[in-house]
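One letter stands for each residue in the lines below.
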Amino acid sequence: MAPTQIEILLYADCLGSEAFAVVDTLTLARQLGLCPGVEARLVSVGARPVSIGGTLITPARASQRPDMLIVPGMTAQDSAGLIARCGVLDVEQVHIARVHRLGGRIGAICVGVFLAAAAGVLNGRRVTTAWPVAEALQHWQPGLEVARAHMVLADGPVITTGAMSAAYDLALALVEEANGSGGALRLRKLLALDGDRTSQLRFETALIGAGQNDVLVQRAKRVMLETLADGLDLPTLAERCGTSERTLLRRFKAVTGETLLAYRHRLVVDAVKALLEQTVLPFPHIPARVGYADEVSLRRLFRTATAMTFRDYRRRFGVLPAHRNG
């Protein structure tokens, strides 16, 4: 059964766009008769004023037993900053834990999943979060199963989302609970939101990740990028990095959390994305640009990584006029 009393928890420097996206979407759904009886409101612990984007807001007082409490994300420079921010939001953590303990459902948007995790309400759950920080969340909270591919992921009384715009997808998921897929589709069309938003994989980039302060790892990444069309030659790569193959493989995995081959696969996928987005290069010519002799293998890798074919990706993300007609 869809929740009827939904509260969105505001706190200092949370992402107001995420909070208002949920409120506005559910308000529109109620006006259209898609969510009768559903009330969504902005709250803070003790009705304390909060500053969001430099604007002071005084929300309603958070209640003890809402049907659902939704936690938006926050501003931070990186994953370490997110974890540090969670540490000072102790009042919010206590409130989130209390609502969960009293039987309320918990929703967390984007990096708001970090705060929900800090409150201890996600233990043992499958969750998603913004893809650039998914690995950091998994390392910080090993008791979770972080499935970064999902745009929205429900596990029991918990529902989490991917990056910022997924706030709309969370609201639409609640509309679907209340009114079925037809009601959610109607609202999605009114909001001009693409219907194929189940995965974040197509937005990932290998250039964001761990190892930015390790000289050897950064050199290996740079060389792999510069020689992408040549394929992966481990002895040559190790020689150019001034180390042994064994040391390079071990160091790369220890610092980044992934194998060197897995990272190269991500570089390849990024390069294919760029070729599909920014050129009209025929599909059969793409493998040679990224060091592949076998087009079938490359297509398989790309589809696994993005959940899309070459053609579908170019139509969706291509920036040239020809992409709209191909």
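It should be noted that the structure appears before, not after, this text.
Residue indices begin from 1 for each chain and proceed along its sequence in written order. Local features in this predicted model are restricted to residues of pLDDT 70 or higher, and side-chain atom pairs are both shown and tallied only at a pLDDT of 80 or more, whereas totals for entire chains, interfaces and linings draw on every residue. Hydrogens are left out, water is left out, and the side-chain values use all remaining heavy atoms of the structure.

**Student:** I'd like a description of the overall build of the chain, backed by residues and values.
**Tutor:** Per the secondary structure count, the chain includes 14 helices and 11 strands. The C-alpha atoms of the chain give a radius of gyration of 22 Å, which matches the 20 Å a tight globule of 326 residues would have. Dimensions along the principal axes, computed over C-alpha positions, put the chain at roughly 60 × 45 × 35 Å. With 326 residues in all, the chain has 47% of them scored as buried. We call two residues contacting when some pair of their heavy atoms lies within 4.5 Å. Taking the intrachain contacts of the chain between residues at least 6 apart in sequence as the baseline, contacts between residues at least 24 apart amount to 65%. For helices the rule is a DSSP run of H or I covering at least 4 residues; for strands it is a run of E covering at least 2, with both sets numbered from the N terminus onward. Restricting the calculation to C-alpha atoms gives the radius of gyration, and the globule rule supplies 2.2 Å times the number of residues raised to the power 0.38. Here's how the labels work: a residue is buried when its accessible area is under 20% of the maximum for its type, exposed when over 50%, partly exposed in between, all with a 1.4 Å probe on protein chains only.

**Student:** Tell me about the nonpolar core, and please be specific about residues and values.
**Tutor:** Side-chain atoms within 4.5 Å are what join buried Ala, Val, Leu, Ile, Met, Phe, Trp, Tyr and Cys residues into a set we call a nonpolar core. By size, the foremost hydrophobic cluster in this structure holds 63 residues, and its most contacted members are Ile-6, Ile-8, Leu-10, Ile-70, Ile-96 and Leu-122. The leading source of residues in this core is helix α6 (residues 166–190), at eight residues. Excluding its chain neighbours within four sequence positions, the residues that come into contact with Leu-122 are Val-113, Ala-116, Ala-117, Val-127, Leu-144 and Val-158.

**Student:** An account of helix α8 (residues 234–241) is requested, with residue identities and associated values reported.
**Tutor:** What α8 keeps buried is the set Leu-237, Ala-238 and Cys-241. All buried residues of α8 project into a common sector of 95° when viewed along the axis, lining one side. Looking at the buried residues of α8, the elements they touch are α7 (215–226), α9 (245–256) and α10 (260–278). Note on α8: the residue one or two positions beyond its end, Gly-242, has a positive phi of about 70°. Directions drawn from the helix axis to the C-beta atoms are what define this arc.

**Student:** I'd like a description of the sheet that holds strand β7 (residues 105–108), backed by residues and values.
**Tutor:** Read across the open sheet, the seven strands follow the order β5-β2-β1-β6-β7-β11-β10; overall the sheet is mixed. Among the strands making up the open sheet, the edge pair consists of β5 (60–61) and β10 (152–155). Only strands that DSSP links by at least two bridges are regarded as paired with each other. As defined by bridge partners, strand β2 (residues 39–44) adjoins β5 across two bridges and the pair is classed as parallel. If you follow Ser-44 over to β5, its bridge partner there is Arg-61. Angles shown run from 0 to 180 degrees and are taken between the N-to-C directions of axes, each axis being a line fitted to C-alpha atoms and, for helices, limited to the stretch in contact. The sheet contacts of α6 involve β1 (5–9), β6 (68–71), β7, β10 and β11 (158–161), and relative to β11 the element is tilted by about 145°.

**Student:** Residue-level account of the packing of α10 against helix α12 (residues 295–306), with values.
**Tutor:** The N-to-C vectors of α10 and α12 enclose an angle of 95°; their axes lie 10 Å apart at closest approach. If you check the angle between α10 and α12, you find them roughly perpendicular. The residues of α12 that touch α10, namely those facing His-265, Val-268, Val-269, Val-272, Lys-273 and Leu-276, are Leu-298, Leu-301, Phe-302, Ala-305 and Thr-306. Comment on the angle field: the value is read as roughly parallel under 35 degrees, roughly antiparallel over 145, roughly perpendicular from 65 to 115, and oblique elsewhere.

**Student:** Residues and numbers for the environment of Leu-34, please.
**Tutor:** The residue Leu-34 is located in the loop between α1 (16–31) and β2 in this model. Here the alpha-carbon distance between Leu-34 and Val-146, two residues 112 residues apart in the chain, equals 32 Å.

**Student:** Describe the pattern of salt bridges, listing the residues and the values that go with them.
**Tutor:** Each salt bridge in this description consists of a side-chain nitrogen of Lys or Arg and a carboxyl oxygen of Asp or Glu lying within 4 Å of one another. Tallied over the full model, the rule gives 12 salt bridges. Residues Arg-240 and Glu-226 are paired through a salt bridge, measuring 3.5 Å at the closest nitrogen-oxygen approach. With Arg-240 in helix α8 and Glu-226 in helix α7, the pair connects residues that are 14 residues apart, well separated along the chain. Owing to a relative accessible area of 54%, Glu-226 belongs among the exposed residues under this scheme. Bridged by salt links that share partners, the residues Asp-169, Arg-188 and Arg-197 form one connected network.

**Student:** Mind laying out the packing of aromatic side chains, listing which residues take part and the relevant values?
**Tutor:** Only Phe, Tyr and Trp rings are paired, with Trp represented by its six-membered ring, and only when their centres lie within 6.5 Å; those with planes under 30 degrees apart are stacked, over 60 edge-to-face, the remainder tilted. In this structure the tally under the stated criterion is seven aromatic pairs. Judged by centre distance (4.7 Å) and plane angle (40°), the rings of Tyr-313 and Phe-317 are tilted. One end of the pair, Tyr-313, and the other, Phe-317, are both in helix α13 (residues 310–317), four residues apart, so they sit about a helical turn from each other. Since its relative accessible area comes to 2%, Tyr-313 is described here as buried.

**Student:** Explain α9 residue by residue, including any values.
**Tutor:** Take the residue count of a helix, subtract one, and multiply by 1.5 Å to get its expected span. With 12 residues, α9 extends 16 Å between its outermost C-alpha atoms, agreeing within 8% with the 16 Å of an ideal straight helix rising 1.5 Å per residue. Every buried residue of α9 is accounted for by Leu-248, Phe-252 and Thr-256. For α9, the angular spread of buried residues about the axis comes to 25°, placing them on one side. Facing away from the buried side of α9 by more than 90 degrees, the exposed set consists of Arg-246 and Ala-254. On its buried side, α9 packs onto α5 (134–140), α7, α8 and α10.

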